[in-house]
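# Structural features, examined
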Amino acid sequence: MSRAKATTTNGAAANGASRRRGRSASKTDNGPGVDALHALEKSELLSLYRQMYLIRRFEERSAEQYAYGKIGGFLHLYIGEEAVAVGAIKALSPADHLVTHYRDHGYALAIGADPGPVMAELFGKETGTTKGRGGSMHLTHVERHFWGGYAIVAGHLPIATGIGLALQYQEQDAVCMCIFGDGATNAGAFHEALNMAAIWKLPVIFLCENNLYAMGTAHQYISAVPSMATKALAYDMKAETVDGQDVLAMYEAARRAVEWCKAGNGPYFLEAMTYRFRGHSMADPETYRDKDEVEQYRSRDPITAYQEQLIEAGVADKAVFEQIDREVEEQLEAAIFFADASPFPDPSTIYDYVYAEPIWETIARNGASEDSEGPRG
Amino acid sequence: MSRAKATTTNGAAANGASRRRGRSASKTDNGPGVDALHALEKSELLSLYRQMYLIRRFEERSAEQYAYGKIGGFLHLYIGEEAVAVGAIKALSPADHLVTHYRDHGYALAIGADPGPVMAELFGKETGTTKGRGGSMHLTHVERHFWGGYAIVAGHLPIATGIGLALQYQEQDAVCMCIFGDGATNAGAFHEALNMAAIWKLPVIFLCENNLYAMGTAHQYISAVPSMATKALAYDMKAETVDGQDVLAMYEAARRAVEWCKAGNGPYFLEAMTYRFRGHSMADPETYRDKDEVEQYRSRDPITAYQEQLIEAGVADKAVFEQIDREVEEQLEAAIFFADASPFPDPSTIYDYVYAEPIWETIARNGASEDSEGPRG
Amino acid sequence: MASTLAELEEMQREAAKGASRASGGMREVTYRDALREAITEEMDKNPNVLLLGEDIGAYGGSYVVTRGFQEKYGRKRVIDTPIAELGIVGVAVGAAMAGLKPIVELMTINFSLLAIDQIVNHAAKIHYMFGGQFTAPLVIRTASGWGQLGATHSQTFEGWYAHVPGLRVVMPSTPRDAKGFLKAAVQGNDPVMFIEHSLIYRNRGLIPDGEYILPLEGAEVRKEGSDVTIVSWSRGAILAMGAADELEREGISSEVIDMRVLRPLDIDTVAKSVAKTNRLVIVEESWRTMGLGAEIAAAVQEVAFDDLDAPIGRVGSIEVPMPYARNLERIIIPGKDEVIQAVKATL
Amino acid sequence: MASTLAELEEMQREAAKGASRASGGMREVTYRDALREAITEEMDKNPNVLLLGEDIGAYGGSYVVTRGFQEKYGRKRVIDTPIAELGIVGVAVGAAMAGLKPIVELMTINFSLLAIDQIVNHAAKIHYMFGGQFTAPLVIRTASGWGQLGATHSQTFEGWYAHVPGLRVVMPSTPRDAKGFLKAAVQGNDPVMFIEHSLIYRNRGLIPDGEYILPLEGAEVRKEGSDVTIVSWSRGAILAMGAADELEREGISSEVIDMRVLRPLDIDTVAKSVAKTNRLVIVEESWRTMGLGAEIAAAVQEVAFDDLDAPIGRVGSIEVPMPYARNLERIIIPGKDEVIQAVKATL
Ligand SMILES: Cc1ncc(C[n+]2csc(CCOP(=O)(O)OP(=O)(O)O)c2C)c(N)n1
Ligand SMILES: Cc1ncc(C[n+]2csc(CCOP(=O)(O)OP(=O)(O)O)c2C)c(N)n1
Ligand SMILES: [Mg+2]
Ligand SMILES: [Mg+2]
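In this convention, every chain numbers its residues from 1, walking through the sequence in written order. To label them, take the chains in the order written and letter them from A, then take the ligands in the order written and number them from 1. The model is predicted, so local features are restricted to residues of pLDDT at least 70 and side-chain atom pairs to those at 80 or more, both for listing and for counting; the totals for chains, interfaces and linings are taken over all residues. Side-chain numbers come from the whole structure's heavy atoms, not from hydrogens or water.

The subject of this paragraph is the overall build of chain C. Looking only at helices and strands, chain C has 13 helices and 14 strands in total. Rg of the C-alpha trace for chain C: 20 Å, near the compact-globule value of 20 Å for 347 residues, within the 12% margin. If one aligns the C-alpha atoms of chain C with their principal axes, the spans along those axes are about 55 × 45 × 45 Å. Accessible area is worked out with a 1.4 Å probe on protein chains only. A residue is then buried under 20% of its type maximum, exposed over 50%, and partly exposed in between. Out of the 347 residues belonging to chain C, those deemed buried represent 76%. Here the open area of atoms and residues is found with the Shrake-Rupley method and a 1.4 Å probe, where only the protein chains shown may cover a residue. For chain C, the exposed surface amounts to about 8,800 Å²; the carbon and sulfur share of it is 49%. Where helices and strands are cited, they refer to DSSP runs of H or I of at least four residues and of E of at least two residues respectively, numbered from the N terminus. C-alpha atoms define the radius of gyration, and 2.2 Å times the number of residues to the power 0.38 defines the globule rule.

What follows is the structure, given as structure tokens:
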């Protein structure tokens, strides 16, 4: 019988002592996030804030653009969960890889995608991150090996595992981070992927965003265990649960995970406790949870909490944040302008990308779809 | 983080003290199986032997009939694993339910199917347990709620869970026992089923026959953990590992499982450590395991071990076993005669059973398959 | 002969009046409400009917078909399941075998691919493989549809299910059929794939007042005509009616057939129509290659070869994974114009 | 014009001689060995090629295609996977995206249903959905077949995969095609469903001596004829040749076409043949309703309507879940007699 490997967060692992500066810590103990607060440069700390704020406002503006009818289909906002993506991505290096579920705007922005192409993608424009083909649920950022958001719950876990296999096979010093929700841990694909990652000791970080709900169903009705990290026990996989509303604690945990994987120890299961402040998607009537509950979580807003933390720690004052906020607003204004001004895909390109190899003559000849009588033949 | 629930076997739970007789126990401690040895009637103890021997010889005769060309397709023999089925089924009452994988001959016989119809099914005859439609992998025994063997690895675990749901829904005092191999625990269906059984606290016994191999692949290459019972941890499910080569220990463990479920505690995971003495199926070249390893396990033959145990305990002497053996041989001779003498299904019945409702007129009319021009239209 | 949708409804009203005379008439409901009525009537009548699916409880179902049912029937009978399509369907198969009558909701037909092994290798096989000793009479409700949902959420696989002996496959286009078929599916003894369409839940139509069921068989002529036969099902049948309407104005008379039940497939009704019109166009939202239209065309040319005066036309989606961009999506899904063009090509 | 299988092989030998002149001729190998050669040649050449599948290592593969490969290439490149079809294919999709060239073996096409979400909603979508930025060029090798294996192990779903844009689907019937296509699949940049057949692994045939690839396109005329065209693929094509042989003796000249590649589908070659013979019979082992023959029939009647002198005939399996009993199985799977009967029905 295997021993439990899951631990709760502790700040011990993350350190960057060489770069530690003489900033006064507001917290007296060395709890989660404190080491990072000391270890990171001021610019890095502020950059984390900026990213979270950018994501928050990007999402708010997206909701607005959706209301204007410029965005269609589903739209899964990341509001309330920003600290998870921002903290986690901070731990990745440019060599590392990322795969996410459909709730992916935060990750695209955190890993460095321009808000312009991201918004353009939401608008379905040719200048979007996938040329308007993928839409909101399938954002990418090729340069940083962000292989996309995926819309089949848990379907991307095996894919991330396969990327991990490739990294190991090619002996690369890199990890693949895979993002998914608490709901995904009940799907067979989750278990098949974790098992293989564990057997083969692949460098994959399974980062579960436990926001307590899968769409409109609370986890207690659909998961036999309340902690998703428990499920890593079945694979003897190193696991940890972290406060996903604390960006620095999140970063530290993700760093531990990256180090663990890069040291050749195999995969790492990270469960970030978080909460989405908005509905599952724009269509969600939110009939399944109390207003009170939502309010309670909203009062632990990861962005304002972090702002207060930085102010308390003397990293920055109100004016600095106001400046950042203004810059972000401008950036988003420009992003929306860019998206608006961009063209829709040219209908003549509709067959582009079906196959990576050229469409062969046979199919062109036989007229099943591409014949001269028009697109539908 | 959930606590480990898995325990190793101990004989404490099984008792039938009221029926205990003054038989002298050969074992000094109260280890696995000893309570049962005392608690069961002599006739019951001998019946366990008879069933194991019947299964063994049935399988040997099947192999022979296969060689004669009377059996086709796959043929998954149960030789070496007899104690698991016989011990487990002994713990079930007539109200209980059973679902198994394709390695199902042992279960069909243990739960009371006549060897005649079972052999007839292997021959593909109309008198078989499924009228020659299912074959070796899909045996049934309707009276005892044996809902069949299933050939898609792990596909029947959700089905057993559904039967468990029906039992709970209809408030029946019964369990559903579900048999599968170690290899099946790596499939998504296994996990989806266990999770649901655990959430809903269904009366399902998940009995894993851990024979160390999935076809030709040893478990260490395909399972992240060596003990399949570990996987129950992910569902906070009661779990136990038992020596599947000891029929009385097996019975005791299965009894504990039945009692647990019937008390409304939810599902129970039972891992029986066993070994198959023959290849996976008749096609298996057995290139993947040492002859030595096989020999070593063969030396712990569950049938001879049990025979010795009964002789030592004074339950029966050689003559009794010789008598049983003779009876079994006769039974099997009759079974083969029955199977041989039975007719193949009548080709005119080929469309029977496709639908439970009568085939509607439309399909009969439109001639897609059943038109007058012959079966293939 | 009806030439507008309004007239068709009038026709239906008339036709249905006969059937429901006992219960005194018809009323107009949405497709969604027709489904809700079918479910509640069956649940009220048969305590063994239960619902299983993702977010069917407090959330009310992704297309709001089951809203309020958990409050009404309790968690025992309206079960929110994990996201585990394979497992859910498997559980329903087992429950159905053991005497319950599960109605499973799979949010969309796209996700049914995860459960297809349970549907094809288990549900559809149980009765035959075990020599008629057991049945697995579950009902799987799921929805086809699209609307900027992207490549993985905009497909429809009804043709695949129509391939499988042992399954019954239904894809109703009207509230009346939706209710009548769903009740028949629940009362029946075979596994049924019941495929709805996300874009027609709010469509209104007449249904008989009292209780009724419609046996799971038979295409229906929605509109009579003489120049060409247009065959479709689900939302496609509505599209076909619209196209027929417009063609009528141009003096082209089309007979519109709603297939409704996709296994068993009622080729007979189509062939009869073709005997009259001598021309056939099939309309579907699926990719054309290996869409159900292929089977209908192949089967009709076989039984009505001499009746055909022109190649059977097929209208389907452009064969690409669905892009998100709305301008591309609009081109991909066939519209009235494509139907009209295909009809004219046969004349 | 070849009238016997021996003559056909002679023809092939001649035809192939031209192609392989540089490497000096042809040799006879089994279908299985042709596959083994393709795999080893590609593995020897490209270190990124790796094999994944259940029991492909020490066990040697359920149809013994990969025997000895794990010893030769090591566990790194020949990976025994858990029984987790969905996961395995998903892992291969990811590995392919990230630069490896995985060849996945799914024991039989029946089990591919468990992986179909990864095949259809992931592998086939990656390139389009992400705007051409990534590809998932994995190869899935799997086997169709039957032989008293029962209802869940005797199916074939090639028609389903042929429905899906983004996939290439191949189902070779000869050792030469098997090797040439498999090498092309491994060298290509698209996901490929490569469907073998368990009952032809031991068939022998000629292949060119040296290295060769066959582009994944195009049907092939296996035998020329003038009275009727018989179209099939995989084991069906061999059956068709046998039937043609016998028909020839009765004075009926049939042209036999092996489709070989099922997506994209080469209707052109069939239409050209029908222009000559004016009659078409399609032979498949699948259930006829919604088998690939439906698409071929529908497409051919569209492009060759005026050439057809008789309804297109389709021969397929009897539409029931496959029973185990051998006498029933024999009736269900089409044989030479059924093909001959269908041919005669068109004359
Ligand atoms: C296989 C599959 N089933 C169902 C859905 C519909 N669906 C989309 S998101 C979702 C809930 C997922 O919850 P969770 O994994 O917790 O992620 P969260 O949305 O909370 O971030 C569901 C059921 C889907 N996309 N894929
Ligand atoms: C989904 C699926 N994949 C693969 C197979 C082929 N197969 C049949 S039995 C088997 C091994 C199963 O091993 P295990 O679960 O340990 O049972 P055992 O045969 O050892 O009793 C495999 C891979 C199958 N039947 N179903
Ligand atoms: Mg969630
Ligand atoms: Mg095993």
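For the rest of this paragraph, the subject is the interface of chain D and chain A. Taken together, the 57 residues of chain D in the interface contact 47 residues of chain A. Between chain D and chain A, roughly 4,200 Å² of surface is buried when both sides are summed, and carbon and sulfur atoms account for 66% of that area. Together, Val-91, Tyr-128 and Met-129 of chain D form the three largest contributors to the area buried by chain D at its contact with chain A, with a combined 15%. Any carboxyl oxygen of Asp or Glu within 4 Å of a side-chain nitrogen of Lys or Arg constitutes a salt bridge here. Remark: the boundary between chain D and chain A carries zero salt bridges. Each polar contact in these results corresponds to two N or O atoms within 3.5 Å; when the atoms are within protein, one needs to be able to donate a hydrogen and the other to accept it, and residues that are neighboring in sequence are counted only if both atoms are side-chain atoms. Between the two partners, chain D and chain A, sit 19 residue pairs in polar contact (both at pLDDT 80 or more). Elements supplying a minimum of two residues to the side of chain D that touches chain A: strand 2 (49–53), helix 3 (69–77), strand 3 (78–80), helix 4 (85–97), helix 5 (112–123), helix 6 (126–129) and helix 10 (267–277) of chain D. With ten residues, the single largest contributor to the side of chain D that touches chain A is helix 4 of chain D. Among the residues forming the side of chain D that touches chain A, the class breakdown is 27 nonpolar, 19 polar and eleven charged. Contacts are assigned to residue pairs with any non-hydrogen atoms lying within 4.5 Å of each other. Two parts placed together each lose some accessible area under a 1.4 Å probe, and adding up what both lose gives the buried area. Under the grouping applied here, Gly and all other residues not named as nonpolar or charged are polar, the nonpolar ones being Ala, Val, Leu, Ile, Met, Phe, Trp, Tyr, Cys and Pro and the charged ones Asp, Glu, Lys and Arg.

Residues and elements named next belong to chain C. Domain limits in this description derive from either an automatic procedure or a database domain assignment. For chain C, the assigned domains read domain 1 (24–208) and domain 2 (220–346). Between domain 1 and domain 2, the residue contacts involve 31 residues of the former and 24 residues of the latter. In total, domain 1 and domain 2 occlude about 2,300 Å² of area from one another, counting both sides; carbon and sulfur atoms represent 54% of this. The three residues of domain 1 that bury the most area against domain 2 are Trp-146, Gln-148 and Met-171, which together make up 27% of that side's buried surface. One can count three salt bridges joining domain 1 with domain 2. Linking domain 1 with domain 2 are 18 residue pairs in polar contact (both at pLDDT 80 or more). Those elements that provide at least two residues to the side of domain 1 that touches domain 2 are helix 7 (158–161), strand 6 (168–170) and helix 8 (175–187).

A few words now on the coordination of the magnesium ion (ligand 4). All names here are of chain B. Each metal's donors are the N, O and S atoms found within 2.8 Å of it, except that Na, K and Ca use a 3.2 Å limit; water is left out, so coordination can look incomplete. Those donors, Asp-182 (OD), Asn-211 (OD1) and Tyr-213 (O), are the protein atoms that reach the magnesium ion (ligand 4), and they lie 2.0 to 2.1 Å from it. Here the donor residues of the magnesium ion (ligand 4) are spaced in sequence according to D-x28-N-x1-Y. On the criterion of sequence distance, the pair formed by Asp-182 in the loop between strand 4 (176–181) and helix 7 (188–199) and Tyr-213 in strand 6 (residues 213–214) is long-range, its members being 31 residues apart. Judged by its relative accessible area of 2%, Asp-182 falls in the buried class.

Below, the discussion takes up the coordination of the magnesium ion (ligand 3). Donor atoms from the polypeptide that coordinate the magnesium ion (ligand 3) comprise Asp-182 of chain A (OD), Asn-211 of chain A (OD1) and Tyr-213 of chain A (O), at 2.0 to 2.1 Å from the metal. Among the residues examined, Asn-211 of chain A registers a relative accessible area of 5% and is labelled buried.

This part covers the relation of the copies chain A and chain B. Here the copies were fitted onto each other by least squares, based on C-alpha atoms from residues at pLDDT of at least 70 in both. Superposing chain A onto chain B takes a rotation of 180 degrees combined with a translation of 0.0 Å along the rotation axis, leaving an RMSD of 0.0 Å. Taken together, these values place the two copies in the relation of a two-fold axis. Taking the C-alpha atom as reference, chain A places Gly-188 of chain A closest to the rotation axis, 1.7 Å from it. Same-surface contact between copies: 100% of interface residues of chain A are shared with the interface of chain B.

Next up on the list: the interface of chain A and chain B. Residue-level contacts link 26 residues of chain A with 26 residues of chain B. Overall, the association of chain A and chain B removes approximately 2,000 Å² of surface from exposure, summing both partners, and the carbon and sulfur fraction of that is 64%. In this structure, the connection of chain A to chain B is made through zero salt bridges. Taken together, chain A and chain B are joined by eleven residue pairs in polar contact (both at pLDDT 80 or more). Listing elements by their share of the side of chain A that touches chain B, those giving two or more residues are helix 7 (188–199) and helix 8 (219–222) of chain A. Considering each element in turn, the side of chain A that touches chain B owes the most residues, six residues, to helix 7 of chain A.

Turning our eyes to something else, we now look at the nonpolar core. Take the buried residues of types Ala, Val, Leu, Ile, Met, Phe, Trp, Tyr and Cys, join any two whose side-chain atoms come within 4.5 Å, and each joined set is a nonpolar core. The biggest cluster of nonpolar side chains holds 387 residues, and the ones touching the most others in it are Phe-269 of chain A together with Phe-269 of chain B. Non-local contacts of Phe-269 of chain A, meaning those with residues more than four positions away in its chain, are made with Phe-180, Phe-190, Leu-194, Phe-206, Cys-208, Met-228, Ala-229, Ala-232, Met-237, Lys-238, Ala-239 and Glu-240 of chain A.

To continue, consider the packing of helix 5 (residues 112–123) of chain C against helix 5 of chain D. Following both chains from N to C, one finds helix 5 of chain C and helix 5 of chain D inclined at 150 degrees, their axes separated by 6 Å at the closest point. Here the hand of the crossing between helix 5 of chain C and helix 5 of chain D comes out right-handed. Within the contact between the two elements, helix 5 of chain C uses Leu-113, Leu-114, Ile-116, Asp-117, Val-120 and Asn-121 of chain C and helix 5 of chain D uses Leu-113, Leu-114, Ile-116, Asp-117, Val-120 and Asn-121 of chain D. Residues that form the contact of helix 5 of chain C with helix 5 of chain D fall into these classes: eight nonpolar, two polar and two charged. Interaxial angle, 0 to 180 degrees, is taken between N-to-C directions of lines fitted to C-alpha atoms, where a helix line uses only the stretch in contact. Crossings are sorted by hand: turned counterclockwise from the far helix by less than a right angle, the near helix makes the crossing left-handed, and turned clockwise it makes it right-handed.

In this section: the site of ligand 2. Around ligand 2, the surrounding shell holds 23 residues, and the nearest of these are Tyr-102, Arg-103, Ala-151 and Asp-182 of chain B together with Glu-85 of chain D. With respect to ligand 2, the chains having nearby residues are chains B and D. Ala-184 of chain B places a polar main-chain atom, nitrogen or oxygen, 3.1 Å from an oxygen atom of ligand 2. Tyr-213 of chain B is positioned with one of its backbone polar atoms (N or O) 2.9 Å from an oxygen atom of ligand 2. Calculation on ligand 2 without its partners gives an accessible area of 580 Å², and the protein chains cover 97% of this total. When its residues are assigned to classes, the shell around ligand 2 shows twelve nonpolar, six polar and five charged. Nearness of a residue to a molecule or strand requires only that one of the residue's heavy atoms be within 4 Å of it.

Below, the discussion takes up the sheet that holds strand 12 (residues 261–263) of chain C. Pairing between sheet strands relies on hydrogen bonds along the backbone, with the strands arranged either parallel or antiparallel. Residues and elements named next belong to chain C. Whether two strands pair comes down to DSSP finding at least two bridges between them. Here seven strands make up an open sheet; going across it, the order is 3-2-4-5-7-6-12 and the pairing mixed. In the strand order of this sheet, the two ends are held by strand 3 (78–80) and strand 12, each with one partner. The average undirected angle you get between the axes of adjacent strands in this sheet is 20 degrees.

Residue and element names in this part refer to chain D. The seven strands lie next to each other as 3-2-4-5-7-6-12, forming an open sheet whose pairing is mixed. Taken across any chain shown, the strands that pair with only one partner, and hence form the sheet edges, are strand 3 and strand 12 (261–263). Neighbour-to-neighbour, the strand axes of this sheet turn through a mean angle of 20 degrees, independent of strand direction.

Taken together, the neighbourhood of ligand 1 is formed by 23 residues, with Tyr-102, Arg-103, Ala-151 and Gly-183 of chain A together with Glu-85 of chain C sitting nearest. Mapping the residues adjacent to ligand 1 onto the chains of the assembly identifies chains A and C. At 3.0 Å, a backbone N or O of Val-153 of chain A approaches a nitrogen atom of ligand 1. Separating an oxygen atom of ligand 1 from a side-chain N or O atom of Asn-211 of chain A is a distance of 2.9 Å.

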